[in-house]
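Each chain, letter by letter, is given below.
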Amino acid sequence: MKTVYDVQQLLKKYGIFIYIGERIADLELMEEEVRQLFESQLIEPKDYQMAILILRQTVQTLKKSDS
């Protein structure tokens, strides 16, 4: 898993499709869904960690570019 697209594909495996239209809100909602999948023991710890890292880095990059 290397990109936000990869995280979207992971969520798609579980029937989770996220599109609010506001990119940062989409990423934050994806993070919450990934967390719930992990807490439900549906995804491996390494997949959880990588997905969270990718999502948080992307949010930080977007927030920096808005400034």
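About the criteria used
- Residues numbered from 1 in each chain as written.
- Predicted model: local features only at pLDDT ≥ 70, side-chain atom pairs only at ≥ 80, totals over all residues.
- Heavy atoms only, no water.
- Helix = DSSP H or I, 4+ residues; strand = E, 2+ residues; numbered from the N terminus.
- Rg over C-alpha atoms; globule rule 2.2 N^0.38 Å.
- Buried < 20%, exposed > 50% of the residue type's maximum accessible area, 1.4 Å probe, protein only.
- Contact = heavy atoms within 4.5 Å.
- Lys, Arg positive; Asp, Glu negative; His and termini not counted.
- Charge placed at Lys NZ, Arg CZ, Asp CG, Glu CD.
- pLDDT = per-residue confidence, 0-100.
- Patch = residues over 30% accessible without salt bridge, like charges linked within 9 Å, V, L, I, M, F, W, Y side chains within 5 Å.
- Areas by Shrake-Rupley, 256 points an atom, 1.4 Å probe, with all protein chains shown as cover.
- Salt bridge = Lys/Arg side-chain N within 4 Å of Asp/Glu carboxyl O.

Asks: When you look at the overall build of the chain in this model, what are you seeing that I'm missing?
Replies: Tallying secondary structure elements over the chain gives three helices and zero strands in all. Reading the chain from its N end, one meets helices and strands in the order α-α-α. For 67 residues, the compact-globule estimate of 2.2 N^0.38 gives 11 Å, and the chain sits close to it at 12 Å. Dimensions of the chain along its principal axes, counting C-alpha atoms only, are 35 × 20 × 20 Å. Buried residues in the chain amount to 31% of all 67 residues. Contacts in the chain between residues far apart in sequence, at least 24 positions, make up 48% of those at least 6 positions apart. Between the mean site of the 9 positive side-chain charges and the mean site of the 11 negative ones, the chain shows a separation of 6 Å.

Asks: Could you clarify how one ought to interpret the confidence of the model for the chain in this entry?
Replies: A low pLDDT score tells you not to read the predicted coordinates there in detail. Scored by pLDDT, the chain has a mean of 96; 100% of the residues are at 70 or more. Ranking the elements of the chain by mean pLDDT puts helix α3 (residues 45-66) last, at 96, and helix α2 (residues 23-39) first, at 98.

Asks: What am I meant to see in a nonpolar patch on the surface here?
Replies: Together, M1, M50 and L53 make up a nonpolar patch on the protein surface, roughly 220 Å² of accessible area in all. In this fold, M50 is placed in helix α3.

Asks: Which parts of the structure should I look at to understand the pattern of salt bridges?
Replies: Pairing is possible between side chains that carry opposite charge, provided their charged atoms lie close to one another. Under the definition given, this model contains four salt bridges. R35 is the partner of E31 in a salt bridge, and the nearest nitrogen-oxygen pair spans 2.9 Å. Of this pair, E31 and R35 both sit in helix α2, four residues apart, roughly one helical turn. Using a relative accessible area of 13% as the deciding quantity, one classes E31 as buried. Its salt-bridge partner being D47, residue K46 comes within 3.7 Å of it at the nearest N-O pair. Look at the salt bridges and you will find they share partners, linking E31, E32, R35 and R56 into a network.

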